[in-house]
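What the coordinates show
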Amino acid sequence: MTRYGGKLPLKLTGGEARGLRLHSQHLAKRESIDAGDLVRKIAAVQAQDLVAELLAVRVRITGLTAVEVEKARVESRTVVRTWAMRGTMHLLASKDVRWVLRFVGPFMVRKAKRRQRELGVTDDIYRPAVRVLRRALEKDGALTRRQISERWAVQGLPSEGQAVVYLLHWSSLEGIICFGPTVGGESTHVLLDTWLEDDISEPADPVAEFARRYVTAYAPTTPEDFGMWSGLPAREARRAFQAIERELAGVTVDGVGMWMPESYVGLLNTIREDVRPSLRMLGAFDPYLLGYRVRELGVAPELLKQVHPGGGIIRPTILVDGRAIATWTRKRSGRRLTITVSPFESLSEQARTGIDREVEDIGRFLGLEAAWNVE
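So, here's what we can say about the structure. (Residues numbered from 1 in each chain as written. Predicted model: local features only at pLDDT ≥ 70, side-chain atom pairs only at ≥ 80, totals over all residues. Heavy atoms only, no water.)

Some points on the pattern of salt bridges
Two side chains with opposite charge may pair up if their charged atoms get near one another. What the rule picks out here adds up to 24 salt bridges. In this structure, Glu 358 engages Arg 30 in a salt bridge whose closest nitrogen and oxygen atoms are separated by 2.5 Å. Highlighted residues: Glu 358 in helix H17 (residues 349–366) and Arg 30 in the loop between helix H1 (14–24) and helix H2 (35–41), separated in sequence by 328 residues. For Glu 358, a relative accessible area of 3% puts it in the buried group. Owing to a relative accessible area of 23%, Arg 30 belongs among the partly exposed residues under this scheme. A salt bridge links Glu 247 to Arg 212, with the nearest nitrogen and oxygen atoms 2.7 Å apart. In this pair, Glu 247 sits in the loop between helix H13 (234–243) and strand S8 (248–253) while Arg 212 sits in helix H11 (residues 206–218), placing the two residues 35 residues apart along the sequence. Taking the relative accessible area as the measure of exposure, Glu 247 reaches 35% and is therefore partly exposed. On the basis of relative accessibility, which here comes to 27%, the residue Arg 212 falls in the partly exposed class. Connected through shared salt-bridge partners, Arg 40, Asp 96, Glu 209, Arg 212, Arg 213 and Glu 247 make up one network. (Salt bridge = Lys/Arg side-chain N within 4 Å of Asp/Glu carboxyl O. Helix = DSSP H or I, 4+ residues; strand = E, 2+ residues; numbered from the N terminus. Buried < 20%, exposed > 50% of the residue type's maximum accessible area, 1.4 Å probe, protein only.)

Focus on the side chain of Arg 58
Mapped onto the fold, Arg 58 is located in helix H3 (residues 50–58). There is a polar contact of 2.9 Å between the side chain of Arg 58 and the side chain of Asp 361. Other than its neighbours up to four places away in sequence, Arg 58 contacts Arg 30, Met 281, Glu 358, Asp 361, Ile 362 and Phe 365. (Polar contact = N/O pair within 3.5 Å; in protein donor to acceptor, adjacent residues only side chain to side chain. Contact = heavy atoms within 4.5 Å.)

Details of the pairing of S8
In terms of burial, S8 is largely enclosed, as 6 of its 6 residues are buried. What you see with S8 is no split at all: Leu 248, Gly 250 and Thr 252 on one side and Ala 249, Val 251 and Val 253 on the other are buried throughout. Where strand S1 (residues 10–12) meets S8, 3 bridges bridge the pair, whose relative direction is parallel. Considered in S8, the bridge of Leu 12 is made with Val 253. The loop that links S8 with its antiparallel partner strand S9 (residues 256–261) comprises 2 residues; one of these, Asp 254, has a positive phi angle of about 50°. (Pairing = 2+ DSSP bridges.)

Some details on the packing of H11 against helix H12 (residues 223–230)
In contact at an axis separation of 11 Å, H11 and H12 are set at 105° when each is read in the N-to-C sense. Accordingly, the angle class assigned to the pair H11 and H12 is roughly perpendicular. Residues Phe 210, Ala 211, Tyr 214 and Tyr 218 of H11 lie in contact with H12, whose contacting residues are Asp 225, Phe 226, Trp 229 and Ser 230. (Axes fitted to C-alpha atoms, helices over the stretch in contact; angles between N-to-C directions. Parallel < 35°, antiparallel > 145°, perpendicular 65-115°, else oblique.)

Observations regarding the sheet that holds S9
Spatially, the 3 strands line up as an open sheet ordered S1-S8-S9, and their pairing is mixed. Of all strands in the sheet, those bounded by a partner on one side alone are S1 and S9. Pairs of neighbouring strands in the sheet enclose a mean axial angle of 40°, with direction left out of account. This element, H1, spans S1, S8 and S9 of the sheet and lies at about 95° to S1.

Structural notes on H17
For H17, spanning 18 residues, the distance from its first C-alpha to its last is 26 Å, which sits close to the expected 26 Å at 1.5 Å a residue. Buried within H17 we find Ala 351, Gly 354, Ile 355, Glu 358, Val 359, Asp 361, Ile 362, Gly 363 and Phe 365. Phi for Gly 367, located one or two positions after H17, is positive at around 70°. (Expected span 1.5 Å × (residues − 1).)

Some details on the packing of aromatic side chains
Both the distance between ring centres and the angle between the ring planes are used here to describe each pair of aromatic rings. Under the criterion given, the structure shown has 13 aromatic pairs. Taken together, a centroid distance of 5.3 Å and an interplanar angle of 50° make the contact between Trp 83 and Phe 179 tilted. On the criterion of sequence distance, the pair formed by Trp 83 in strand S3 (residues 79–83) and Phe 179 in strand S6 (residues 177–183) is long-range, its members being 96 residues apart. For Phe 179, a relative accessible area of 5% translates into the label buried. Measuring from centroid to centroid gives 5.5 Å for Tyr 218 and Tyr 292, while their planes differ by 80°, and the two rings are edge-to-face. Taken together, the residues Tyr 218 in helix H11 and Tyr 292 in the loop between helix H15 (287–290) and helix H16 (304–307) connect sequence positions 74 residues apart. For the pair shown, Tyr 218 and Tyr 292 are each scored as buried. Taken together, the aromatic side chains of Phe 103, Phe 107, Phe 210, Tyr 214, Tyr 218, Phe 226, Trp 229, Phe 241 and Tyr 292 make up a single cluster linked through ring pairs. (Phe/Tyr/Trp six-rings, centres within 6.5 Å; stacked < 30°, edge-to-face > 60°.)

Structure below.
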């Protein structure tokens with residue numbers, strides 16, 4: 001995709017591109033929708049950090065609480081937590097989880113093969129482990145990792161360390177299991193087909209739909225960004241973009257070629273006219289920062305190491321108009337939550353007022369008394 005459908009690309013400033021990304025990520029204005037609809041609209045939420053998973057929903061929705069988001073996962077089951085893109089844990093809309101796993105799962109399993117072999121997790125180990133796992137979950141329902149390990153140990157299968165994790169990881173990527181309720185503070189695993197109702201709403205072209213969901217949630221963006229977010233090989237990422245090329249409009253952002261849905265062209269005037277400042281407090285690993293290979297639009301290059309220090313870490317970050325102005329940490333003591341803000345620049349009164357509002361809402365969302373200070 002080196003051309004723009006025969007049309008000259010639209011030229012966007014960095015500010016306009018950030019405005020579009022805030023819109024794409026449902027950060028420009030909080031919505032009154034349920035967690036399942038929100039997660040579907042932004043494609044997925046990284047769930048490696050469970051509090052961060054909840055905070056990613058909070059910052060985009062009005063009125064929900066952390067308890068209600070967890071109820072959406074465990075009771076109404078409109079969202080499901082499982083290993084998916086990049087082979088990492090994600091929160092996905094339940095309507096989408098099966099077809100997404102059928103598409104990305106085989107790629108992620110192949111990516112993990114080397115580590116699986118190092119741990120002795122071969123096909124000859126995996127297949128009997130899955131049979132034991134199915135029988136145990138069918139008989140006993142939700143089981144913790146320790147309880148599953150005990151079942152495997154009885155059968156002479158791997159039952160300790162990372163081999164157990166990779167067996168569960170592989171089973172999840174094949175759509176056999178997903179995460180169930182939290183029991184006694186521990187995560188459990190359940191059979192996906194028992195946990196969720198049957199859903200035959202697989203898109204006619206999963207490759208195109210997967211790319212469509214990403215571009216809609218992350219525009220303006222590139223095939224390279226999509227490849228990083230999804231974990232797909234570069235050739236597959238380009239092929240997916242090509243499947244929806246007729247639906248896209250080309251743009252350049254400070255000379256860099258990117259893509260967005262053709263339907264977003266009409267939003268540009270609205271974004272240009274909206275001069276109200278927008279402050280948002282993102283949790284760790286938030287999609288707004290995680291979903292791109294190149295993050296300079298959201299974070300000034302000289303500040304990248306403070307937000308993304310390496311090792312896959314994306315720190316909790318405060319945005320003003322889509323641009324990072326600070327990171328933050330949280331510390332809980334009983335019913336009190338203390339948030340410490342580390343600004344990259346002097347905080348204006350307007351920014352402080354915005355942080356006041358966000359901290360108050362984080363406290364409401366988590367059911368805690370929240371206060372903040374500056375490091």
